Amino acid sequence: ITILNRVLYQLTWKSGVGFTYDAKTFKKTGEFRIPAQEGWGLTHDSSRLIMSDGSNSIYFIDPANYQILYTLSVHDNNGPVGNLNELEWVNGTLYANRWQTNYILRIDAQTGKVTGKIDLGAIAENIANNHPYADVLNGIAYNAATGNFWVTGKKWPSYYELKLQ
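Residues numbered from 1 in each chain as written. Predicted model: local features only at pLDDT ≥ 70, side-chain atom pairs only at ≥ 80, totals over all residues. Heavy atoms only, no water.

S.K.: Is there a simple way to think about the overall build of the chain in this case?
M.R.: Per the secondary structure count, the chain includes 1 helix and 17 strands. For a compact globule of 165 residues, the expected C-alpha radius of gyration is about 15 Å, and the chain comes in at 16 Å, within 12% of that figure. Dimensions of the chain along its principal axes, counting C-alpha atoms only, are 45 × 40 × 30 Å. By the burial criterion, 45% of the 165 residues in the chain qualify as buried. (Helix = DSSP H or I, 4+ residues; strand = E, 2+ residues; numbered from the N terminus. Rg over C-alpha atoms; globule rule 2.2 N^0.38 Å. Buried < 20%, exposed > 50% of the residue type's maximum accessible area, 1.4 Å probe, protein only.)

This is the structure we're talking about:
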């Protein structure tokens, strides 16, 4: 989900449908077709919705008509980087957790180049050792008031606040 201009946008994973809600009341206000086969992650840059679908593509979407404005292909020095999942837009930089890894990627939103990797392996290992049903890293959120990130995973009993330097 993401909130843009007092509208809460929600993706579904495989049904191809997204939903809109009034961000104050949570009353459902509409539905839209997701412009990809799957909905994985969603954020915004104050004017456009930004969506991932589990591939190396990031879609910049017009919130007025849900049309793709352009697609950003994410890559590193080894080629395309897939499994892009939850997204956060922070001061012109895109962050994505890479599903099935312990990494959050910092992505140049102009070029698609991965410019940094945040390794959360120590946190994931601690969770796995103490909570056998916990699964992969699967959530990031940015708190603009503190400048910190919140991270969690599937079936994790906790979430963690991170201050990135």
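Having seen the model, we can carry on.
S.K.: Would you mind going over the pairing of strand β7 (residues 57-61) with me for this structure?
M.R.: Here is the key point about a regular strand: its side chains alternate between the two faces of the sheet. With 5 of 5 residues buried, β7 is to be regarded as a mostly interior element. Residues Ser57, Tyr59 and Ile61 of β7 are buried on one face, and the alternating residues Ile58 and Phe60, pointing to the opposite face, are buried as well. Where strand β6 (residues 49-52) and β7 come together, 4 bridges link them in antiparallel fashion. Across the sheet, Ile50 pairs through a bridge with Phe60, a residue of β7. (Pairing = 2+ DSSP bridges.)

S.K.: How should I be thinking about unusual backbone geometry in this particular structure?
M.R.: Note: most residues except glycine have negative phi, and most peptide bonds are trans. Not every positive phi belongs to a glycine, and Arg6 is a case in point at roughly 65°. For Asn83, which is not glycine, the phi torsion reads 60° and is therefore positive. Note that Asn83 resides in the loop between β10 (79-80) and β11 (84-90). Here Asn83 falls in the partly exposed class, since its relative accessible area comes to 29%.

S.K.: Explain the pairing of strand β15 (residues 137-143) here, please?
M.R.: Of the strand pairs in this sheet, β15 and strand β16 (residues 148-153) are connected by 6 bridges, and their pairing is antiparallel. When the bridges of β16 are listed, Ala141 appears paired with Trp150. Hairpin connection of β15 to β16: 4 residues between the antiparallel strands, including Gly147 at a positive phi of 80°.

S.K.: Is there a simple way to explain the sheet that holds β16 in this structure?
M.R.: Each strand in a sheet pairs with its neighbour through backbone hydrogen bonds, running either in the same direction (parallel) or in the opposite one (antiparallel). Spatial strand order, β15-β16-β17: 3 strands in an open sheet with antiparallel pairing. This sheet does not close on itself; its edge strands, each paired only once, are β15 and β17 (160-162). Across the sheet, the mean angle from the axis of one strand to that of its neighbour is 25°, orientation sign disregarded. (Axes fitted to C-alpha atoms, helices over the stretch in contact; angles between N-to-C directions.)

S.K.: Please clarify how helix α1 (residues 121-130) should be interpreted in this entry.
M.R.: Within an α-helix, residues lying three or four positions from one another point in the same direction, as the helix has 3.6 residues per turn. Buried within α1 are the following residues: Gly121, Ile123, Ala124 and Ile127. The buried side chains of α1 occupy one side of the element, clustering within an arc of 160° when seen end-on. Exposed positions of α1 whose direction lies more than 90 degrees from the buried face are Ala122, Glu125 and Asn129. (Arc of directions from axis to C-beta.)

S.K.: Help me understand the environment of Thr25 in this model?
M.R.: With respect to the secondary-structure elements, Thr25 resides in the loop between β3 (17-22) and β4 (28-33). Thr25 sits in the exposed class, given a relative accessible area of 53%. Residues Thr25 and Asn97 lie 72 residues apart in sequence; the distance between their C-alpha atoms is 29 Å. From its side chain, Thr25 meets the backbone nitrogen of Lys27 in a polar contact 3.2 Å long. (Polar contact = N/O pair within 3.5 Å; in protein donor to acceptor, adjacent residues only side chain to side chain.)

S.K.: What am I meant to see in the sheet that holds strand β2 (residues 7-11) here?
M.R.: Within the open sheet, the 4 strands sit side by side as β1-β2-β3-β4. Their pairing is antiparallel. Strand pairing shows two members of the sheet lacking a second neighbour, β1 (2-4) and β4, which therefore form its edges. Between one strand axis and the next, the sheet turns through 25° on average, direction left out of account. Alignment of β3 against β4, held across 5 bridges, turns out to be antiparallel.

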